[in-house]
Amino acid sequence: MTSSVFASERWLFSPTTPQTDAIPVIFAFPNEYTVGITSLGYQVVWATLAMREDVQVSRLFTDIREQLPRKPEILGFSISWELDYVNILSLLESLDIPIRANGRDDSHPLVFGGGPVLTANPEPFADFFDVILLGDGENLLPNFIESYKQVRQASRTTQLQALAQVPGIYVPSLYDVEYQGKDGEIKSIKPISPEVPLVVQKQTYRGNSLSTSTVVTEKAAWESIYMVEVVRSCPEMCRFCLASYLTLPFRTASLNSSLIPAIEKGLAVTNRLGLLGASVTQHPEFEALLDYISQPKYDDVRLSIASVRTNTVTVQLAETLAKRDTRSLTIAVESGSEKLRQIINKKLHNDQIIQAAINAKAGGLKALKLYGMVGIPGEEPEDLQQTVDMMQSIKKAAPGLRLTLGCSTFVPKSHTPFQWFGVNREGEKRLKMLQKQLKPQGIEFRPESYNWSIIQALLSRGDRRLSQLLELTRGFGDSLGSYKRAFKQLKGEIPDLDFYVYSNWSTQQILPWHHLQGPLPQSTLLKHLADSFPGFLSGW
């Protein structure tokens, strides 16, 4: 089975033949192949390693693997989903590697991790990794490999000390975290020696050529899709949004020197194209890109597009998508309340949302999916009613267009202005209230699991003490009940669930990621928080 899975891949890069003394590397995705190979980040890092003569790379997934080196020197994980930590621990065990970094010695490979989950807040997982790469892989990865080569023959301790000097490379074991008691707040986070940087700065790639698929396969979750990253980050900066704040500044791929050649290359091997990015339609030359894809020679191309900014939904966009086998469009509106959209800095009005629906229908699309959120800081019951009213207005304005409202509960994220807020305890009740009101009107309502939001909040605000909890929970299963059971068992050893999930944190307290610097300093995040709630911080 394994050989047939890898045999159906079409590679869009040329691997090199590794040198005889190449570094043996395992690059893993802690999930099944079909999920991992659909991750653009995973594809790009793997191909980057495979094109280096000084590296011999093998891929590892939870269900299949390439032939692995007998004595790997480096084991890397690309992590896109928080709960995949369970699979990381299982894969480490399957390779006879201690799951905690402090249990490893010179005979074990260096275990590194990267990807959006770890860049946001690596602390709950910090004890499982020797090295964490914070930020964009384009520069980080080559710098990591080059620095490792300098200390390849040295002891593990020397290797880690040297790697910690490289911008964006975080070595958790070289930082000491003190707490105000076992279940109290963080007291301090300090490097264990003067040679270790006080703060690790997330690395940002600033080129005008972004990521594109390096492999196309029918075995991927998105079958035979070729993905092109059109933009990185988002210029809107909604106050809760990790996808915007963590990846600033907004960058766009060059149309003529990057996007068009990449699309031509991909469409030579498949007719399925995915345009990726948090705000694809805000590419300054997006219309020209659409015109290019609309050429008759691409008539058989199936086009998928990531969530688009509501006020950029034109009839032309809808027509192009409808002709290219897309039946629906996804827009993020967050709420029907103008007040809440102002609080979160969502520069959008109800008439623009209604117009987007009218344009989608006029262009031949059959359905419109909207993303909403409950529990936004400052939300009152009347704001929920305004969301219901907005959905009714859209239905009236674009009859026959199938409407879906997907809805999550607000989860605080590191490096955003709303990182200090806790989850709203009324979240589950509010999701049910929306469901009750929308269902009778023929509007499909898809709530994200409230329990999953709680687990997400726990991991997004967690500190290193959670590693004990994660090890315990792994044996219990991934339900919220399992986490509660583990908290009960660790009572008095770590803070309780409320501390991590529901508490509003003081803007004075030391946050778990205090020593890890995102694109914006804390002073700027506080200013943005004050812009959302004028006069609010004085009473905080």
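Worth saying up front: this structure is predicted, and the values here are computed from it rather than measured.

### Some thoughts on the sheet that holds strand E18 (residues 367-374)
Next up, step 1: Ordered in space as E17-E18-E19-E20, the four strands form an open sheet in which the pairing is parallel. The outermost strands of the open sheet, each flanked by one partner alone, are strand E17 (328-334) and strand E20 (444-447). For this sheet the average axis-to-axis angle between neighbouring strands, irrespective of direction, equals 20°.
Next up, step 2: Inspection of the sheet shows E18 paired to strand E19 (residues 402-409) by eight bridges, in the parallel sense.

### Considerations on the UniProt feature "domain: Radical SAM core" (unreviewed entry) in the protein
Next up, step 1: This chain's UniProt record puts "domain: Radical SAM core" (unreviewed entry) on residues 219-441.
Next up, step 2: Secondary structure across residues 219-441 comprises 37% helix and 18% strand; the distance between its end C-alpha atoms is 39 Å.

### A look at the pairing of strand E15 (residues 272-276)
Next up, step 1: Burial within E15 is extensive, with five of its five residues counted as buried.
Next up, step 2: Where burial is concerned, the two faces of E15 agree: the one with Arg272, Gly274 and Leu276 and the one with Leu273 and Leu275 are both buried.
Next up, step 3: The pairing of strand E12 (residues 225-229) with E15 spans five bridges and is parallel. Bridge pairing links methionine 227 to glycine 274 in E15.
Next up, step 4: As paired elements, E15 and strand E16 (residues 302-305) share four bridges and run parallel to each other. Looking at E16, one finds that leucine 275 is bridged to isoleucine 305.
Next up, step 5: Between E15 and its parallel partner E16, the chain crosses via helix H10 (residues 286-293), and the hand of that crossover is right-handed.

### Some remarks on helix H3 (residues 40-50)
Next up, step 1: Of all eleven residues in H3, eight are buried, a share of seventy percent or more.
Next up, step 2: When we look at burial in H3, the residues that qualify are Leu40, Tyr42, Gln43, Val45, Trp46, Ala47, Leu49 and Ala50.

### A word on the packing of aromatic side chains
Next up, step 1: Within the structure shown, the criterion is met by 23 aromatic pairs.
Next up, step 2: A ring pair is formed by tryptophan 11 and phenylalanine 13, whose centres lie 5.2 Å apart and whose planes are at 5°; its orientation type is stacked.
Next up, step 3: Assessed through its relative accessible area of 38%, tryptophan 11 is described here as partly exposed.
Next up, step 4: Summarising the aromatic geometry, the rings of phenylalanine 77 and phenylalanine 129 are spaced 6.4 Å apart at their centres and angled 80° between planes, so their arrangement reads as edge-to-face. Pair noted here: phenylalanine 77 is in strand E4 (residues 74-78) and phenylalanine 129 is in the loop between helix H5 (116-120) and strand E6 (131-133), with a separation of 52 residues, a long-range link.
Next up, step 5: Taking relative accessible area as the criterion, phenylalanine 129 reaches 2% and is therefore assigned buried.
Next up, step 6: Every member of this aromatic cluster is reached through a ring pair, and the members are Phe6, Phe27, Phe29, Tyr33, Tyr42, Phe61, Phe112 and Phe144.
Next up, step 7: The residue whose ring lies beneath arginine 461 is tryptophan 505, and the NZ or CZ to ring-centre distance is 3.8 Å.
Next up, step 8: If you follow arginine 485 out to its NZ or CZ, it ends over the ring of phenylalanine 476, 3.7 Å from the centre.

### Some points on the nonpolar core
Next up, step 1: Judged by nonpolar contacts, the single largest core of 167 residues is most densely connected at Phe77, Phe129, Leu273, Leu275 and Leu370.
Next up, step 2: Residue contributions to this core peak at seven residues, all from helix H16 (residues 450-460).

### A few points about the pattern of salt bridges
Next up, step 1: Inspection of every chain in the model, using the stated rule, returns 34 salt bridges.
Next up, step 2: In this structure, arginine 104 and aspartate 130 form a salt bridge, with 3.0 Å as the shortest nitrogen-oxygen distance. In this pair, arginine 104 is assigned in the loop between helix H4 (85-94) and strand E5 (110-114) and aspartate 130 in the loop between H5 and E6, connecting sequence segments 26 residues apart. Residues arginine 104 and aspartate 130 agree in their burial class; the two are buried.
Next up, step 3: Here glutamate 493 ties to lysine 182 by a salt bridge, and the two come within 3.4 Å at their closest N and O atoms. With glutamate 493 in the loop between helix H18 (480-489) and helix H19 (497-501) and lysine 182 in the loop between strand E8 (175-179) and strand E9 (186-191), this pair connects stretches of sequence that are 311 residues apart.
Next up, step 4: Through salt bridges with shared partners, one network takes in Asp136, Glu138, Glu229, Arg232 and Arg251.

### Things to note about the side chain of serine 78
Next up, step 1: Structurally, serine 78 is set in strand E4.
Next up, step 2: For serine 78, a relative accessible area of 9% gives the class buried.
Next up, step 3: Sequence-distant contacts of serine 78, that is, excluding residues within four places in its chain, are made with Phe27, Ala28, Phe29, Pro30, Tyr42 and Gly114.

Cut-offs used in this document
Residues numbered from 1 in each chain as written. Predicted model: local features only at pLDDT ≥ 70, side-chain atom pairs only at ≥ 80, totals over all residues. Heavy atoms only, no water. Pairing = 2+ DSSP bridges. Helix = DSSP H or I, 4+ residues; strand = E, 2+ residues; numbered from the N terminus. Axes fitted to C-alpha atoms, helices over the stretch in contact; angles between N-to-C directions. UniProt positions renumbered as here; feature names shortened; annotations may be inferred. Buried < 20%, exposed > 50% of the residue type's maximum accessible area, 1.4 Å probe, protein only. Right-handed = clockwise from strand over helix to strand, strands pointing away. Phe/Tyr/Trp six-rings, centres within 6.5 Å; stacked < 30°, edge-to-face > 60°. Lys NZ or Arg CZ within 6 Å of the ring centre and 35° of its normal. Core = buried A, V, L, I, M, F, W, Y, C linked by side-chain atoms within 4.5 Å. Salt bridge = Lys/Arg side-chain N within 4 Å of Asp/Glu carboxyl O. Contact = heavy atoms within 4.5 Å.

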